[in-house]
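The chain contents come next:
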Amino acid sequence: CPTTGTVGTPITQFTLTAAGGQAPYTWAVSSPTWLQLGTATGAIAQFSGTPTTAGPAAVSVRLTDSIGTAAGTFSCSIPISAALQLSVLSPSNPDGQPTGTCQTTSYPAGSPLSIPVQATGGSGGYTFTSVTPAWLTYNATAGAFTGTPPTTGIHPIAFRVTDSSGRQANFSCNITVAAGLTISGTCPATPVAGTPLTVTLTAQGGVGPFNWTVVSPSWLRVATNGAAAATFTGTPPINGAADINITVTDSIQSTLARFTCRTEVQTKLQVSAVCPTRPYPTGARLELPLQATGGTGNYTYRVTNPSWLTYQASNSSVVGVPPAVGIYTFSIVVTDSSGAQATFSCNLSVGTPLSLAGTCPASAPSDALFGISLTALGGTAPYTFTVLYPNWLQLRAVRANSADFTGLPASGAASSDITILVGDAIGSSATPFSCRVDFQAPPPVPPLNVTASCQTIAYPAGLRVEIPVVLTGGNGENVFRNISPSWLTYDPGLGKLVGVPPAAGVYSVSAVAADAAGLQSTFGCSISVAPRLVATGVCQETVTTGNTLDLNVSVQGGTGPYRWTVISPSWLQVKTTDAGTATLSGVAPAPGPVDLQLRVVDSIQSLPASFGCGLRIDFPALKVDPPPIQTVPSGAGCPSDPVPAGQGLTLPFSVAGGSGSGTAGLWLQLRRGCG
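A few points on the structure. (Residues numbered from 1 in each chain as written. Predicted model: local features only at pLDDT ≥ 70, side-chain atom pairs only at ≥ 80, totals over all residues. Heavy atoms only, no water.)

1. Concerning the overall build of the protein chain
Alright, step 1. Secondary structure assignment for the protein chain yields zero helices and 58 strands.
Alright, step 2. Taken over 675 residues, the protein chain has a buried fraction of 36%.
Alright, step 3. Long-range pairs, those at least 24 residues apart, make up 62% of the contacts in the protein chain between residues at least 6 apart in sequence.
Alright, step 4. Put simply, the protein chain shows about 36,600 Å² of open surface, and 53% of that area lies on carbon and sulfur atoms. (Helix = DSSP H or I, 4+ residues; strand = E, 2+ residues; numbered from the N terminus. Buried < 20%, exposed > 50% of the residue type's maximum accessible area, 1.4 Å probe, protein only. Contact = heavy atoms within 4.5 Å. Areas by Shrake-Rupley, 256 points an atom, 1.4 Å probe, with all protein chains shown as cover.)

If you want it as structure tokens, here you go:
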């Protein structure tokens, strides 16, 4: 029986020999089905066949001779191995591709490639060899044929595996090596800060889809990705050098391709000017400086409307004279060397010309403050007023479009020429205002005289003292100095010396008045300040209802005559007064407590003085009035109308006084006399 077999490999060396019996013999194969009788010569028979499946093959062959004698069955088992095969592994078929089939994607040129292979079947102990190309060798560690393709294009490859029994299997296919990955494109020539930028690059070689990545600058983004042609957009934020760094990879992991360049980002082309915000005067020359920045330089300017405006290259300004009142709209277009343009537009309001109006007096006193008011007309506020001469005239106040000027004429001036200028916010100027004023000498100054009205009666202590002061003569602007006593000051609004005296007494009042020219006048007087009012008296503690209360109260201080007023009680009246004493009198009414309050004022309106005390009104004393007592002189007989013994005695009596409450009691004393 053969010791081994391989699927797909014919078995031809299987011979059986018959012994005994009577020839010819008949051979019959029961199993396996792939085993067939080849030739039978005499007693020798040869069998052959090609195994179809791996595993033990049970062989069963029967022998019969010519007279029908069965010799029995020959049986054995042939171990059948799988056929030796060599295949290439791929992600899409990890079990191996059949020969003639390789991955359809290309391999990157210049990059090491690896083709994993596996051998199956056979007797094991495999040896792998590369038939073609020479740059591929077997790497036992990787289990793959590896190498670097030297050129692009289609490369036929053939591999062979040999097992330990010498059997061989082959694998062959064609692989495609793609061209190396590169990038073509142009660096932006003159990008402008703040202006969107577009960059277009193209990937060459490699195998798509492609993955594009912007390394720098941060403001650049991939707009389209995946295709060989890619678009990148972004807006440079500032001017200066910008390094562009973009990479691309493909689907077969070709070596990364990189596009780099440096471009200079230009400042955005701009043109600026200051458009007048206030009306510009008619007939005044307008000069509007322009400033262009950014762009590529070499600027040219063009003015669009109105016709009276032109560009002046010597100082880069728009100049012209507005012919009439109105609103003029114009634009200045600047173009740089690259053709980029920027525009500045302005609405110019043209108003009436600037002028200065006012009235100048023909004459004025030379010793008085001179004043004049002028008004600016037309032009553009705010206005600037300037006194050209005389130097003693000063600008004092500006109110919107008018101004006040004041000053004291120079000493001895008989006349003076006045010239005043005005300018507005946009530099316009008006015809100067001019006039001549004749200054007249002042009349003689009367002497300065001051008088005061110090009252002869005393002033009340603790109250404000007011002493009228009258000034005559001098030249005005009078002041008071050296006022005595120190608690007095001058109140110009009242025209009085005012103050509160700290204590009673006699004070000498004096002050010095001076005018602007230094003339002085002194006055003096004497005033007296009365002491404060104080009321005193002695108040009795009690008074009986119905009795008259008399009370004397005295006052000190102040100045008489005095006026007394009873605040309470109402039944008490002022009866008599003298220089300093008041007599109070009244009949006490119902019993109870009494709060006595009295106020006194004097003739100089001093602070009032008060007197007060508390007293009590009591009930009258209790009194019993019995009938008259009858008496009999000694030795006389009994009364003619004696009271018989054993009869009742009636004695009428009355009770008065006391509080009127409680039980009245009567004690009767009888003295035996007669009868």
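Having seen the structure, we can now continue with the description.
2. What about the packing of aromatic side chains?
Alright, step 1. In this structure the tally under the stated criterion is 17 aromatic pairs.
Alright, step 2. With a centroid separation of 4.5 Å and an interplanar angle of 25 degrees, the aromatic rings of Phe128 and Tyr138 are classed as stacked. Separated by 10 residues along the polypeptide, Phe128 in strand β12 (residues 127-132) and Tyr138 in strand β13 (residues 137-139) bring together distant segments of the chain.
Alright, step 3. Exposure remark for Phe128: the relative accessible area of 17% places this residue in the buried category. (Phe/Tyr/Trp six-rings, centres within 6.5 Å; stacked < 30°, edge-to-face > 60°.)

3. With respect to unusual backbone geometry
Alright, step 1. In this structure, the amide linkage connecting Ser216 to the following residue, Pro217, adopts the cis form with an omega of 0 degrees.
Alright, step 2. In this fold, Pro217 is placed in the loop between β19 (211-216) and β20 (220-222).
Alright, step 3. Of note, the amide linkage connecting Gly560 to Pro561 takes the cis form, showing an omega dihedral of 0 degrees.
Alright, step 4. In the Ramachandran plot, Asn482 falls in the positive-phi region, its phi being about 55 degrees despite a non-glycine side chain.
Alright, step 5. Along the chain, Asn482 falls in strand β44 (residues 479-484).
Alright, step 6. Asn482 gets classed as exposed once you look at its relative accessible area, which sits at 63%.

4. Side note on the state of the cysteines
Alright, step 1. Inspection of the entire model under this criterion finds six disulfides.
Alright, step 2. The disulfide partner of Cys1 is Cys76, and the S-S distance across this bridge is 1.9 Å. The sign of the 70 degrees torsion about the S-S bond sets the Cys1-Cys76 disulfide as right-handed. Of this pair, Cys1 sits in the segment before β1 (5-6) while Cys76 sits in strand β7 (residues 70-81); the two residues are 75 residues apart in sequence, bridging distant segments of the chain.
Alright, step 3. Of the residues examined, Cys1 reaches a relative accessible area of 44% and is grouped as partly exposed.
Alright, step 4. Cys76 sits in the buried class, given a relative accessible area of 17%. (Disulfide = S-S within 2.5 Å.)

5. Observations concerning the side chain of Asp163
Alright, step 1. With respect to the helices and strands, the residue Asp163 is situated in the loop between β15 (153-162) and β16 (168-178).
Alright, step 2. Separated by 2.9 Å, the side chain of Asp163 and the backbone nitrogen of Ser123 make a polar contact.
Alright, step 3. Ignoring any residue separated from it by four or fewer positions in sequence, one finds Asp163 in contact with Leu84, Gly122, Ser123, Gly124, Gly125 and Tyr126. (Polar contact = N/O pair within 3.5 Å; in protein donor to acceptor, adjacent residues only side chain to side chain.)

6. A short note on the nonpolar core
Alright, step 1. Judged by nonpolar contacts, the single largest core of 24 residues is most densely connected at Val553, Trp564, Leu596, Val600, Phe611, Leu615 and Ile617.
Alright, step 2. Put simply, the parts of the chain that give this core at least two residues each are β51 (548-556), β54 (581-587), β55 (592-601) and β56 (609-618).
Alright, step 3. Sorting elements by how many residues they give to this core places β56 first, with five residues.
Alright, step 4. In contact with Ile617, other than residues within four places in its own chain, are Val543, Thr544, Thr545, Trp571, Ala588, Pro589, Ala590, Pro591, Gly592 and Val594. (Core = buried A, V, L, I, M, F, W, Y, C linked by side-chain atoms within 4.5 Å.)

7. What about the environment of Phe128?
Alright, step 1. Spatially, the C-alpha atoms of Phe128 and Ala169 are 9.6 Å apart, while their sequence positions differ by 41 residues.
Alright, step 2. Filtering out sequence-adjacent residues up to four positions away, Phe128 remains in contact with Leu86, Val117, Ala119, Tyr138, Phe145, Arg160 and Val161.

8. Concerning the sheet that holds strand β25 (residues 280-281)
Alright, step 1. Spatial strand order, β25-β32-β31-β28: four strands in an open sheet with mixed pairing. Two strands lie at the open edges of the sheet, namely β25 and β28 (300-304), each paired on one side alone.
Alright, step 2. With two bridges joining them, β25 and strand β32 (residues 341-351) adopt parallel strand pairing. Each residue of the ladder has a partner; that of Pro281, found in β32, is Gly351. (Pairing = 2+ DSSP bridges.)

9. Focus on the pattern of salt bridges
Alright, step 1. According to the stated counting rule, one finds seven salt bridges in the structure shown.
Alright, step 2. Among the ionic pairs, Arg262 bridges to Asp243, the shortest N-O distance being 2.6 Å. Of this pair, Arg262 sits in strand β23 (residues 257-265) while Asp243 sits in strand β22 (residues 240-249), and the two are 19 residues apart along the sequence.
Alright, step 3. Relative accessible area serves as the criterion here: at 58%, Arg262 is assigned to the exposed category.
Alright, step 4. When its relative accessible area of 39% is taken as the criterion, Asp243 is described as partly exposed.
Alright, step 5. When the shortest N-O distance is used, the salt bridge between Arg285 and Glu287 registers 2.6 Å.
Alright, step 6. Note on Arg285: relative accessible area 44%, which makes it partly exposed. (Salt bridge = Lys/Arg side-chain N within 4 Å of Asp/Glu carboxyl O.)

10. Overview of the sheet that holds β44
Alright, step 1. Pairing is mixed in the open sheet, where four strands are placed in the order β42-β48-β47-β44. Among the strands making up the open sheet, the edge pair consists of β42 (459-460) and β44.
Alright, step 2. Where β44 meets strand β47 (residues 505-514), four bridges bridge the pair, whose relative direction is antiparallel. Residue pairing across strands places Arg481 opposite Val512, the latter belonging to β47.

11. A few points about the pairing of strand β21 (residues 229-234)
Alright, step 1. Only one face of β21 is covered, namely the face carrying Ala230, Phe232 and Gly234; the face carrying Ala229, Thr231 and Thr233 is uncovered.
Alright, step 2. For strand β18 (residues 197-204) and β21, the ladder comprises six bridges, and the chain directions are antiparallel. Bridging from a neighbouring strand, Leu201 pairs with Ala230 of β21.
Alright, step 3. Pairing between β20 and β21: three bridges, direction antiparallel. For Val222, the partnering residue across the bridge sits in β21 and is Phe232.
Alright, step 4. Here β20 hands over to β21 after six residues, with Gly226 in that stretch at a positive phi of 105 degrees.

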